[in-house]
Amino acid sequence: MLELTGINAGYGQFQALFGVSMRVEAGEAVAVIGANGAGKTTLLRVISGLLPASAGAMSMEGTDLRRTPPHRIIETGIAHVPESRRLFPRLSVEENLRMGAFVKPARARFAERLDYVYGLFPRLAERRNQLAGTMSGGEQQMCAIGRALMSGPKLVLLDEPSMGLAPVIVTQVFDLVRRIRSEGYTVLIVEQNVAQVLKVVDRAYLIEVGRVDRSGPAAELLASDDIRRAYMGL
Amino acid sequence: MDCALDIFFLEAVLNGLLLAGLLALLALGLNLVFGVIDVVWICYAELVMVGMYAIFHFHKVVGLPLPVAMALGILVVAVAGVILHAVVIRPVLDTPPINQLLVTGGVLFFLQAAATMAFGVEFKNIGVQLGSVSFADMYFSWNRILTFVVALAIVLVLWQFLRRTFVGTAIRAVSQDRQIMPLMGVDTRQIYLITSAIGGGLAGLAATLMVLQFDIYPQIGLQFGPLVFMICVLGGLGSMVGGFVAAFIIAQFITIGGSCFATEWGYAVAFLFFMVIIFIRPQGLFGGKV
Amino acid sequence: MTKPRLNPGYVIGLAVMIAFPFAVNVLFPSSQKYYLHLAVQILLWAFIYTGWSLMGRFGLTSLGHGAFTGVGAYVTVLLWNYSGLTPLLGIPIAVILAAGLGVVVGYPCFRQRITGHYFALLTLALTEFVRLCIVGLRDLTGGSLGTQPQRHGDGLSLYAVQFEPDRMLAYFIALAVWLAGLYVWWRVDRSMDRYALDAASQDEDAAASVGIDVTREKLKITALSAAMCAFGGAMFGQYQMYIGPDTIAGLGVSLNMVFAVIAGGMFVMLGPTFGAFFTQMLAEVLRVAIQGSETLKAWLGSSALALDTAIYGLLLIFFIIYMPKGILGTALDWLEKRKPGS
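In short, a report on the structure.

Each value, and the rule that gives it
Residues numbered from 1 in each chain as written. Chains lettered and ligands numbered in written order. Predicted model: local features only at pLDDT ≥ 70, side-chain atom pairs only at ≥ 80, totals over all residues. Heavy atoms only, no water. Pairing = 2+ DSSP bridges. Helix = DSSP H or I, 4+ residues; strand = E, 2+ residues; numbered from the N terminus. Contact = heavy atoms within 4.5 Å. Axes fitted to C-alpha atoms, helices over the stretch in contact; angles between N-to-C directions. Buried < 20%, exposed > 50% of the residue type's maximum accessible area, 1.4 Å probe, protein only. Phe/Tyr/Trp six-rings, centres within 6.5 Å; stacked < 30°, edge-to-face > 60°. Buried area = accessible area lost by both parts, 1.4 Å probe. Salt bridge = Lys/Arg side-chain N within 4 Å of Asp/Glu carboxyl O. Polar contact = N/O pair within 3.5 Å; in protein donor to acceptor, adjacent residues only side chain to side chain. Nonpolar A, V, L, I, M, F, W, Y, C, P; charged D, E, K, R; others polar.

Some thoughts on the sheet that holds strand β5 (residues 63-64) of chain A
Residues and elements named next belong to chain A. The sheet built from 4 strands is open, its strands ordered β2-β1-β4-β5 with antiparallel pairing. Looking along the sheet, the strands with just one partner apiece sit at the ends: β2 (14-24) and β5. Along the sheet face, helix α1 (residues 40-47) touches β1 (2-11), β2 and β4 (55-60) and points at about 115° away from the line of β1.

As for the sheet that holds strand β10 (residues 211-217) of chain A
Two modes of strand pairing occur in sheets, parallel and antiparallel, and in both the strands are linked by backbone hydrogen bonds. Residue and element names in this part refer to chain A. Pairing is mixed across the open sheet formed by 6 strands, whose spatial order is β6-β7-β8-β3-β9-β10. One side of each edge strand has no neighbouring strand; the edge strands of this open sheet are β6 (78-81) and β10. On average, adjacent strands in this sheet sit at an angle of 15° to one another, irrespective of strand direction. Bridging between strand β9 (residues 203-208) and β10 involves 6 bridges; their strand directions are antiparallel. Bridge assignment links Leu206 to a residue of β10, and that residue is Arg214. Against the sheet, helix α10 (residues 225-232) makes contact with β3 (29-34), β9 and β10, and its axis sits at roughly 65° relative to β9, the strand it touches most.

With respect to unusual backbone geometry
One can expect most non-glycine residues to show negative phi and most peptide bonds to be in trans. Residues and elements named next belong to chain A. One non-glycine residue with positive phi stands out, namely Arg85, at about 70°. Relative to the helices and strands, Arg85 is located in the loop between β6 and α2 (93-100). For Arg85, a relative accessible area of 13% puts it in the buried group. Here Glu160, not a glycine, exhibits a phi torsion of approximately 45°, which is positive. In this structure, Glu160 sits in the loop between β7 (155-159) and α7 (167-182).

A short note on the packing of aromatic side chains
All names here are of chain C. Here the structure, examined in full by the defined rule, presents 24 aromatic pairs over all chains. When the ring of Phe22 is compared with that of Phe172, the centres are 6.1 Å apart and the planes differ by 40°; the resulting orientation is tilted. Pair noted here: Phe22 is in helix α1 (residues 8-27) and Phe172 is in helix α7 (residues 167-190), with a separation of 150 residues, a long-range link. Its relative accessible area of 44% is what places Phe22 among the partly exposed residues. Classification of Phe172 as partly exposed rests on a relative accessible area of 28%. Aromatic ring contacts, followed pair by pair, group Phe20, Phe22, Tyr171 and Phe172 into a single cluster.

A word on the interface of chain A and chain B
Taken together, the 22 residues of chain A in the interface contact 23 residues of chain B. Each partner contributes to the roughly 2200 Å² buried at the junction of chain A and chain B, and carbon and sulfur atoms together form 66% of this total. Of the charged contacts in the structure, one is a salt bridge between Arg172 of chain B and Glu95 of chain A, with a shortest N-O distance of 2.9 Å. Put simply, chain A and chain B have 7 residue pairs in polar contact (both at pLDDT 80 or more) between them. For the side of chain A that touches chain B, the class distribution of residues is 12 nonpolar, 4 polar and 6 charged.

Below, the structure is given as structure tokens:
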């Protein structure tokens, strides 16, 4: 479904990704793990076009993503839930969801998608008129995921969904991730919480200083001693 | 103060209310552009002036019926807003904010000069008088009443547009977080152009009402431009309700001050009041966003 | 570091400027008055613009300096006309009042951290307020028509600080005023205050955290800048022997200051001067060209009056977009780059 080959990217003089290659198949859940500043968030930003890649190839179901303008990448079926949620704080929950359905095809099915998201997350339906910025962190994460689902995506990119949340809420957020998986979405998730995320996904890539260090089935990585030592403090 | 609470005072208050309608309408477009693109069109009043001349030209020179001339006038200014953004603002969007304000200052000089070259310095008038209505010994011009009603209607329409449509919601969203707009599938450049067109269109609309009340001359923008900026800042940038309240307050200063003393003192006190309020509440009376 | 007194370029420049009126006398004896008039205007505006740039270069983009030139000119003239107070005292009073006004408006601004757009619009309100007061006090000030300082004797008087009839004298007075302005700029540029203000304009919190009293530094530069503009305004009124709310106060004057400085270059000593030269000459050359050419006159008709402003406006747009450092600033950068080993 999603295929990256030899992707380089960076900010000005600073190069953050070096020849990253990876693929995500339809129906999979894949995690990208690694230390802080390894380039995980940069990777997602490159995929959704927020940051242009400087070299390499990148495609989504055969569409060349590097030739697609950033605001049209969503039309290829990629929805990105950005780091720290980035809801529009002074828009209501429903208005945030409406922004998720901004693209033409999604607009036509807005009412249907809205019902679907409210069915998936009834809490959002209760809060539909509340300003998004006034909700709790967990609810905001729910709203951010709901907003991404509004476009009717095939692949959902999740950037650090558990960041800045209390431990109890973190568990709930991983439940959310399981639920969107079971709804049939393909998921690419970036997480620092390695122990938890490896229990949710099928496969994972370990990134260190901008390079793919190793990859494999989640269970295998979870059992690996050096990963347990380096990222789970065990 | 030699003006007691008599009928003239009441007349001044009510006329102030009606003037507030015009000022609020003028502030509306500027406020939208300011709130969404975070750019001050210091030439905003000159766009209104362009609209007034356009209406004059289409009506008196070309000979089109006034409503058609007015519609064309609105269109001209809306297009001017788009051109202003695409040609002048876009290249400086990522530079210090003050550059954006100053670059439109260059446009101000240019538009004034261009108007002088095209139409001369003489006062022009479309020669339409709507007359006035008297009520309990007080006189109110129909122009002002019409302006007030139109301003109110436009605010309601704009409000509905911003709340209920996808594009309207996107306009409000851009003002809160520009960077992630591509993730929503929104082309920020396009939203800016639409916002500029609406901002220009609102200036054009104000022009249609102003040609009914005022003579047209190239420097007319300097007469009310500073006042409009003041109203926007006083109300809280981007706050439409604030803009209305601020327009009302400023209009009262002007009409009451003007009827008790000389016109300039009404204005002078309004500016003084503005400065004092901003010293106390820099975010304006209703600091917030669209 | 600029050390103007050691640079041979500056010495030659100064010699040329001293020789200029004599050269004009020899070369164009019939139009000596006209050339000197142009030069005096450029020098006085250059002084005022330099005063503005003291603030402008630190990110304090004021649209309020028309208020200060207005206060300088009007207070001086009104004291002379109505109290017979000599401008020798009147000008210092006016300058102190303007500096005081700058502090009164600046203090709450800097305390509340009003910057950028807000600062520009607030100072714009100050300009309008002062202009409206001038117009409103029409019994004293002549309202929007302006007024004149009462001529003392034959119009040449130290006591009345009137020097308009003797253009040669006027030129050297303007030259001295301008040099004093450059000296102030240079002193500020070399002072510790400059580093404090540079730091503050980059990041106010960081500046405050290393012990810089940001508000105080900003107030100092505001008072100085306002004082210079007031002095320039007063001298301009004394030279023109006429002051009007739109010629020496008001929004137009404020905007001209900002734009001339931007066109010239805000961050180099002679930038404002170059801006004054450029804007005054642009208007003058266009005016002469149109007056002198029958075809242009026939083609443009009365609208020729506005052609200079139209071109001026377009150039400003161009400068801000493509040359934010101004003509002189860009030129110096370019020279710097070409210089080997630097």
